[in-house]
Structure formats: C-alpha cells, structure tokens
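Observations on the model geometry
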Amino acid sequence: MNSEGVQRAVQRIAHEVLERARAEGSLEGLALVGIRRGGVPLAERIRAEIGRASGVTPPLGTLDIALYRDDLSHRGAAPVVGPTDVRFPLEGRTIVLADDVLYTGRTIRAALDELVDFGRPRRVWLAVLVDRGGRELPIAADFAGTRFDVPEGHDVQVRWRENGAAEDSVVVREGGKP
Amino acid sequence: MIGRHRHLIGLEPFSREEILEVLDLAVSMKEVLSRPVKKVPSLRGKSVVNLFFETSTRTRSSFEIAAKVLSADALNWTAAQSSTTKGETLLDTARNLEAMRPDVLVVRHSASGAPSFLARNLDCSVVSAGDGAHEHPSQGLLDCFTLRERFGSLEGRTVAIVGDISHSRVARSDLHALPKLGAKVRLCGPPTMIPQGVEQMGATVHHDLRTAVAGADAVIMLRIQHERIGDPLIPNTREYSKFWGLNARKAAEWLKPDTVILHPGPINRGVELSSDVADGPNSLILDQVQNGVAVRMAILYLLAGGAGEGSRAGKA
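Calculation criteria
Residues numbered from 1 in each chain as written. Chains lettered and ligands numbered in written order. Predicted model: local features only at pLDDT ≥ 70, side-chain atom pairs only at ≥ 80, totals over all residues. Helix = DSSP H or I, 4+ residues; strand = E, 2+ residues; numbered from the N terminus. Buried ≥ 20, exposed ≤ 12 C-beta atoms within 10 Å, placed from the backbone. Pairing = 2+ DSSP bridges. Axes fitted to C-alpha atoms, helices over the stretch in contact; angles between N-to-C directions. Contact = placed C-beta atoms within 7 Å.

The next subject is unusual backbone geometry. Of the consecutive residues Arg36(A) and Arg37(A), the connecting peptide bond is found in the cis state with omega at -10 degrees. Mapping Arg37(A) onto the fold places it in the loop between strand 1 (30–35) and helix 2 (39–54). Pro266(B) follows Gly265(B) through a cis peptide bond whose omega is -10 degrees. In this structure, Pro266(B) sits in the loop between strand 9 (260–262) and helix 10 (275–278). The phi angle at Ser71(B) is positive, at roughly 70 degrees, despite the residue not being glycine. Structurally, Ser71(B) is set in the loop between helix 2 (58–69) and strand 2 (73–78). The partly exposed category is assigned to Ser71(B), around which 15 C-beta atoms lie within 10 Å. We note that Arg101(B) has phi near 60 degrees; this positive angle belongs to a residue other than glycine. Along the chain, Arg101(B) turns up in the loop between helix 3 (90–98) and strand 3 (104–109).

In structure tokens form, the structure reads like this:
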C-alpha cells in the first residue's frame, strides 16, 4: 500500500469511527489511544481527521505495552520500555485503541490490560490499519483500513512519516521477525 | 542484563551507555509510579530477596516497593532476625536463600566486596545495596537521575560532594558515574576524610567549603556518621558543622541562587545540613527518594526481565 492508499484508509477509518460515535451518542466522550510505536501516528491522524470533520478534537494518549507483555521470559533481553502518556480520565469514555497491524492479538490483550489499569472506560473500540489474520486470541478489529491474510513467517511493515520514513507505506516481506 | 552486566556490584565497570540505559528506562518507570494503579505485571512470577546485614529503611523499602510495583515477590531478610546471629557464614546464608530460587538477590553488607563474593558463588543476579566503603551503585544512579532530570544533561555541570569521602560508598559510586555523564566533580571535607590520590579518579579536592561550592550547579552533602565523631578524624560535631556544614547563611553567600542540594539520607539536621537548607526550595532530597524507586525498578527490570542468563526462566 502506498502513501495515498494509507491516507485513504485512515480517512475511511476516521469517518467510520465518527459515524458510529454519532449513532451511539458518544462523540463527546470519544478519546484516542495509540499503541507505541506504530499505533501512535494512526491515532494522531484519526484524531486530526475527526477534528476536521466534526469540529471536536478528541484527547489523545499513548500506551507502551512493554511492561505488560506475556512473552518476557521467552525473549532474550528485556524489551525497551517507551513512554506511556494517558492524561485524561477514562471513566465513561469511548476509547478508540489504535495500532498499525493486528496479528496474533497479544499486543491488544496487553494494551487492554494496561488501559484498564488507568480507569474504566465505557467501551473500547479497536482501529487498525492492517488486519493480517492469524489471531491467537479472541480479539477482532472494529475498524480496519484493509484486511488480507498474510501467512506465518511473513512480516507486515507499516512505515509512517512520523516515525522517520520518507513516505507512508505498507510492505509485506518474507522471512520477517521470528 | 544491564548492557554486558548480569550483576550490579558497582558503577566502576559500567560504561556511559550502560548508565544511560538505566536512567532512560527509569524515566518510564517513574511514569508508572504516577498512575492510578501503581502496578505493572512485567516481573510477575519473579522473586527478589533483600538480604540486609546492615540496618536500612530507605534503601530496603525502596527495593521492596520497586519489586512490588513490577509484580515481583519481595522477601526481606535482615541480619538481626537471621541465623547470622547464630554464627552462620555469609555464603551459607546466601546459599540457603538461593535454594529458594530468587531471580535477584539485593545485598547490603558492612564488608566491602561481600556482594561481589556472592555474585561469584551464586547463580542469581546480585545487586549491591551498599557494601562497606566500596560502592552504593543504586544511590549513584539515582543521584545521576535526579540531576539529569533537573538539568536535562550533566554535560559540563559541576557537582560538589562534601563530607566523609573516605568512608562514603555513595561518594565512590557518584565519582564513578558523574564524570562518565560529562559532569565535573569536586570533593570537599576534612583532610582526614579525603583518601589520598583520589584526584586520579578525575575529581578535584578542596578543603575549604566556600571554594568547593563556588559556582557549583549541585552540592551533594554526605551524612557524617556518628561513629566517626570523637575519633581522631574530627573532634566534635560543632567543629564539623562550622567548617563543612551547610546552612542558609552560607548557602545564600556562597552558592549560585539555583544550586540544588542533594543528600543520600538520613540527614543529621544541624550537623552537615541545617533544616532551612534541607527543606528549602533548592533541596532535591525528597525527589531523590522518589527517583530511587524508579531507578531500582529499572535495575530489577533489566536484570530479572527477559530470558537472559540472569533469570531462572532462561535456564529452564
């Protein structure tokens, strides 16, 4: 997927979120939380798009799930822990949790555990840019930019301008991370 | 693992990058302490044993809280309640504790080298919580963290360390860490309390408090240990206080207005530090205590997290 495709996908997600929030009367209580690092640019862009379309810019937070991983004892070194920043109360809010790629669902499980330690949101929706299949947990995306099955052993890489890429792209590569 | 190390015995063998790895992680750990639920599951199922042969409230509680916030189980052993009083050797005590399969053993001992001895003889990661007059590495790291948090960077900053340098493991750890982060260190105290040749560690030595603190960005005041008072090193507390203690008058005349004051605690109020300075606006003493928990969380996470050599899971 190229830069234009990414932009269209993000816009579509933002409008679907907006439509559903309006339908359920939860636009005022909407907030976005991006999972570091790939989910943060997605959350930022959905937020900006919702702000443009509705005039209401929801608050934004970031989660780093390193401290909530379930595979600590399977990895070599302890994973790098980045900043988590959730400054608004979650009580009563509709949280849109955003990540770049949905695969096994384990990252989302960790993010949900971390999120509820910050408070009790009214509901949580999951928005991802790519749903690549291969779930190992009963987790599904509410909003997905694109869905396609990628076999195990392949790696889906989302590159964002915000994270230093020349332009946005989604690339599937054989023999990615083990 | 912290860089190449699976133990934290002292900061002497630690590189600048290894020290920064702990300090950077401690920033994230400090954020955890400000959350509504101050607990993360990262060290669930790991255990940390605190083995303290010397009394300590601050350091032991700090390691204990750090372990608990990370969901590790913490067990405290203090010499007063242990079989050391019945004549058990250090190695036997430690081997018995090790049979309970801790992931990290935190040790404080009056003998320099005790943690290093245990690290050589045990399989778990060993963290020194202070040994004799050798090092107190977690204190050195939290001093660096506190100063870096205040200044952004330690590059080009001047830090004066005042007190009984000879017997201070805090001074030694600070001295091994601060210059690696770019700070200039001045040491000040009675001539009887400054080790000979300490200049070779990259510090300048002063015997006059006024010149030592002039233009300094930070002053670390060390606790004057009661057991030293009256012995030939210093005649009495009044004399010590007069020459090497810091009070509001001296601070106002000799320090830059924004010079920060640190102290590893516990403070002898009125001896090395007067209350108006210890509780004053430039005092970072309570920040140090809070940062101590964050820094110790980072240490435990790096040593017990992951499946490195230092953890049980890696060997299973």
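Moving on, we get to the sheet that holds strand 3 (residues 94–102) of chain A. Two modes of strand pairing occur in sheets, parallel and antiparallel, and in both the strands are linked by backbone hydrogen bonds. Residue and element names in this part refer to chain A. Pairing is parallel across the open sheet formed by 5 strands, whose spatial order is 2-1-3-4-5. The open sheet has two edge strands with one neighbour each: strand 2 (60–63) and strand 5 (143–147). Between one strand axis and the next, the sheet turns by 25 degrees as a mean value, whatever way the strands run. By the bridge criterion, 4 bridges tie strand 1 to strand 2 in an arrangement that is parallel. The residue of strand 2 that forms the bridge with Gly-34 is Thr-62.

A word on the sheet that holds strand 1 (residues 47–52) of chain B. Residue and element names in this part refer to chain B. Across the sheet, 4 strands lie side by side as 2-1-3-4; this open sheet has parallel pairing. Each of the sheet's edge strands pairs with one partner strand only, and the pair in question is strand 2 and strand 4 (125–131). On average, each strand axis in the sheet is inclined to that of its neighbour by 15 degrees, with strand direction left out of account. Bridge count for strand 1 against strand 2 is 6 bridges, and the pairing is parallel. The partner of Phe-52 across the bridge, within strand 2, is Thr-78.

Here Gly202(B) lies in the loop between strand 6 (184–188) and strand 7 (203–206). If we skip the residues at most four places from it in the chain, Gly202(B) touches Pro179(B) and Val185(B).

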